[in-house]
Amino acid sequence: MARTILTILIITLTTTCLFAQEPQEDLSLLSNGKLKREGKKAMYNQDFHTAIRYFEEFSRHKEDDNIMFLLAENYRYVRNYPFAQYWYDRAYKTNPEENPKALFYYAHMQLVNKQYEEAAKYFGEFSKVYRDYPDSRELRRIAKNYVGFCEVALDSINNPVKVRVNQFNSTINSGANELSPLFLTSQSFIYGSMPIDTLAKDPKNDTIPTPSFYAASQSGATWQGLGEYALQEADDPLQEAQNGAFSPDFQRFYFIKCEKEKSFLGLFGTTESCKLYQSKKVYGVWQKAEPLPEMINMKGANIYSVTIGTESRRNDEVVYFVSDRPDPRARGGLDIWYTIYQSKKEEWREPKNGGNRINSPGDERTPYYDEKSRTLYYSSNGHGGFGNLDIYSSIGELGKWTPAENMGYPISGPYDDYHFSLSNDAKQGVFASNRAGSTSPLHASCCDDLYAIDFENIIEIPITGRVFEIEDDELQRLLKEGFKGDNLQPEEDSIDVHFIEGSTVSLFVGNTNEKVFIASTETNDEGQYSFNVMPDKNYVLQFEHVKTGSAMIPFSTNGITEPDTLKMDDYGINYITKDPLIIKNIYYDYGKYKLTKEHKNTIDAAILKLLKEAPEIVVEISSHTDSHGSADFNYKLSQKRADEIVEYLVDQGIDKKRLQAKGFGFDKPIAPNTNPDGSDNPEGRQLNRRTEFRVVGAMENIIDYSDEAYEE
């Protein structure tokens, strides 16, 4: 489809109930030429209902296959699918040579109107006749895919998913366009509403209507609208938002703001420009919103919706957004992109495309990221399904995802289903749809109402297991010779199994060759871990094995229909405590940080040998000082000492990804620097001037899904 058409549709999906509220002129008094000109002018201004009135009146007096096609297009834009189907059929039958594309859309409207066998027939016929046009290859490929979609849609309707979908009552659905629900708690959400009398397109009006936001809450099984909602501040970002999303900690609100801008030199009127803004909550007060940097708000491109997550490696905030960016990495008309905010550097990363697992040749819309399950929910018309926007889910982050999975009927259906949001406890969802039954006073599929999804019948399967230590004599020898700490293993042998506390276990979906991270946990004092998983999926458990790094257990939940706990076999690993260990025999003169030959010999005998013996561990080298000198002096000195050790280890061939340098200054003493009477305590100061070694993870557990690793 042409990008221009896609850009028009992005606006009409949320402002489709457009009609003039002013007294309407008597069109029967206008000439056919005037009707045609005024209809095309209204269509250009995206006032599609007005265009329909002119073209309908024209068609009462004269048969013109071109106007028939334009009339069908306008009916499709306002989502009046039966009328669009009728006029596409008329346009094609009146002049098939001039309107071959009408056959494609006629079949598409049949698909939307659940006429699956007929739709498949006419998509096939279109593929035969639509040749030797510039877009023949693309549209014939789409038509071929739609034939398969017809079969999938019929099968999905005959085999619905086990959820309940109900339309909210009239205290929430008001007859306007309801959209953009956002859960605040598991029993409350806010949403936008765009009254239809504010939606008429006026080319002379320089303002773009924004929805009003309302709140709803649940009491027992009943949801009730609570009236208008605001963030209770003078700079309430909701007042400017088309839609938006809160950060996971509710301290930032990201939203889309649309404005009219003059086109080139003002020669072609105005265009709509939609950008991404952020408002921060500081000391409980929402601050004035600021646009995100220009590399995100690209000139000549628009951003239409947004959701927020975090990435699993550094927990940095990730902004996923839908845009029509003119970028060679784009997959279709509207794609999902992402950018990372590096909190340590306080800067944004260049946006990257989410990849072809989530993005299709069509449009992706209204993403919602669930942090707990690391699942992206979004709508698309390009992955196949029921004909228009269906709701999909993919597990993952950044640029690595599981394949898009349609949420199935009755969540997805023949009409536009989008703006999905999930409750905090994942037991309920809300989405917007123009499916039949709308409370709008216009035609049945004109406008969007909100619908509730009850996921209570979807089971979660608990899994649990234990991790024990496989003793390794060489590891223990190196630890005892080079380090000291309370948590090193005692000398005596024991026949008892040592179950490990604090060992990281990670859960992935997929298989051992291709897996996507979901969650991680640490074992308790009995060496036990636990997760909740979904039925009919393949998973992988990954363990920290400091020597091999390939400790994984694949398992499947296919065929499981009851939430009975899966007990995994106990799993053994080589292990090094994650408590800090003091490196023996590394001492510094006051104010010095350069490594001496003696320092290097100690590092070679202790740290370097251990890192080579345990090639999977990721470690923190931390340096500490006594309290002589200022805090700033000691912090910088300790950081330089830690950096020197890391740089030396890298020079000896250790991967820099395995090493983290941290200076603590005198913030973490392990002994008093002075005696109770205030006199100096040399022994305590010596204990505090130490360098520590701490295992913080494993190479196998480093998750980096970006196109290229970004630096600390």
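Before reading further, recall that the structure is shown in the block above.
Residues numbered from 1 in each chain as written. Predicted model: local features only at pLDDT ≥ 70, side-chain atom pairs only at ≥ 80, totals over all residues. Heavy atoms only, no water.

Some remarks on the packing of helix H3 (residues 48–61) against helix H4 (residues 65–77)
- With their axes 9 Å apart at the nearest point, H3 and H4 run at an angle of 150° to one another. As judged from the angle between their axes, H3 and H4 are roughly antiparallel. You can see that H3 and H4 cross each other, and the crossing is left-handed. Touching Phe48, Ala51, Ile52, Phe55, Glu56, Phe58 and Ser59 of H3 are Ile67, Leu70, Leu71, Asn74, Tyr75 and Tyr77, all from H4. (Axes fitted to C-alpha atoms, helices over the stretch in contact; angles between N-to-C directions. Helix = DSSP H or I, 4+ residues; strand = E, 2+ residues; numbered from the N terminus. Parallel < 35°, antiparallel > 145°, perpendicular 65-115°, else oblique. Left-handed = near helix turned anticlockwise from the far one by under 90°. Contact = heavy atoms within 4.5 Å.)

As for empty space enclosed by the protein
- Tallied over the full model, the rule gives 6 cavities of 30 Å³ or more.
- Taken together, 14 residues make up the lining of the second largest cavity; nearest its centre are Leu182, Gly244, Val306, Pro367 and His419.
- Within the residue set of the lining of the second largest cavity, elements represented by two or more residues are strand E2 (177–185), strand E6 (244–246), strand E11 (303–310), strand E16 (364–370) and strand E21 (417–422).
- Here the residues of the lining of the second largest cavity sort into 7 nonpolar, 7 polar and no charged. (1 Å grid on protein atoms, 1.4 Å probe; cavity = no way out; pocket = protein on both sides within 12 Å on 5 of 7 lines; lining within 4 Å. Points joined across faces, edges and corners; volume = space filled by probe spheres on them. Nonpolar A, V, L, I, M, F, W, Y, C, P; charged D, E, K, R; others polar.)

Focus: the side chain of Asp370
- Its location among the elements puts Asp370 in strand E16.
- Within the local environment of Asp370, its side chain forms a polar contact with the side chain of Ser373, the two groups lying 2.5 Å apart.
- If we skip the residues at most four places from it in the chain, Asp370 touches Thr375, Tyr377 and Leu422. (Polar contact = N/O pair within 3.5 Å; in protein donor to acceptor, adjacent residues only side chain to side chain.)

Digging into the packing of helix H7 (residues 116–129) against helix H8 (residues 136–158)
- The geometry of H7 relative to H8 is characterised by a closest axis approach of 9 Å and an angle of 165° between their N-to-C directions. Here H8 runs roughly antiparallel to H7, going by the angle between their axes. Crossing angle aside, the handedness with which H7 passes H8 is left-handed. Taking contact as the criterion, the partners of Tyr116, Ala119, Ala120, Phe123, Gly124, Phe126 and Ser127 in H7 are, on H8, Leu139, Arg140, Ala143, Lys144, Tyr146, Val147, Cys150, Ala153, Leu154 and Ile157.
- Split into classes, the residues belonging to the contact of H7 with H8 amount to 13 nonpolar, 2 polar and 2 charged.

Re the pattern of salt bridges
- Summed over the entire model, instances satisfying the criterion amount to 31 salt bridges.
- Note that Glu73 is salt-bridged to Arg76, the shortest N-O span being 2.9 Å. Of this pair, Glu73 and Arg76 both sit in helix H4, 3 residues apart, roughly one helical turn.
- Judged by its relative accessible area of 7%, Glu73 falls in the buried class.
- Its relative accessible area of 8% is what places Arg76 among the buried residues.
- Several salt bridges converge on common partners, so that one network encompasses Arg79, Asp416 and Asp448. (Salt bridge = Lys/Arg side-chain N within 4 Å of Asp/Glu carboxyl O. Buried < 20%, exposed > 50% of the residue type's maximum accessible area, 1.4 Å probe, protein only.)

Considering the state of the cysteines
- Taken as a whole and assessed by the stated rule, the structure comprises 2 disulfides.
- Covalently, Cys258 is tied to Cys274 through a disulfide, its sulfur atoms 2.1 Å apart. On the S-S bond that ties Cys258 to Cys274, the torsion sits near 110°, and the link is right-handed. Taken together, the residues Cys258 in strand E7 (residues 252–262) and Cys274 in strand E8 (residues 270–282) connect sequence positions 16 residues apart. Judged on exposure class, the residue Cys258 and its partner Cys274 are both buried.
- Across the disulfide from Cys446 sits Cys447; the S-S distance is 2.2 Å. Comparing Cys446 with Cys447 shows no difference in burial state: the two are buried. (Disulfide = S-S within 2.5 Å.)

What to know about the sheet that holds strand E1 (residues 164–167)
- Spatial ordering of the open sheet is given by E1-E23-E22-E21, a layout of 4 strands whose pairing is antiparallel. Only two strands of the sheet have a single partner each, and these edge strands are E1 and E21. Averaged over neighbouring strand pairs, the angle between their axes works out to 25° when direction is ignored.
- Across 6 bridges, strand E22 (residues 428–433) lies against strand E23 (residues 449–454) in antiparallel orientation. In the strand pairing of E23, Gly429 is matched with Ile453. (Pairing = 2+ DSSP bridges.)

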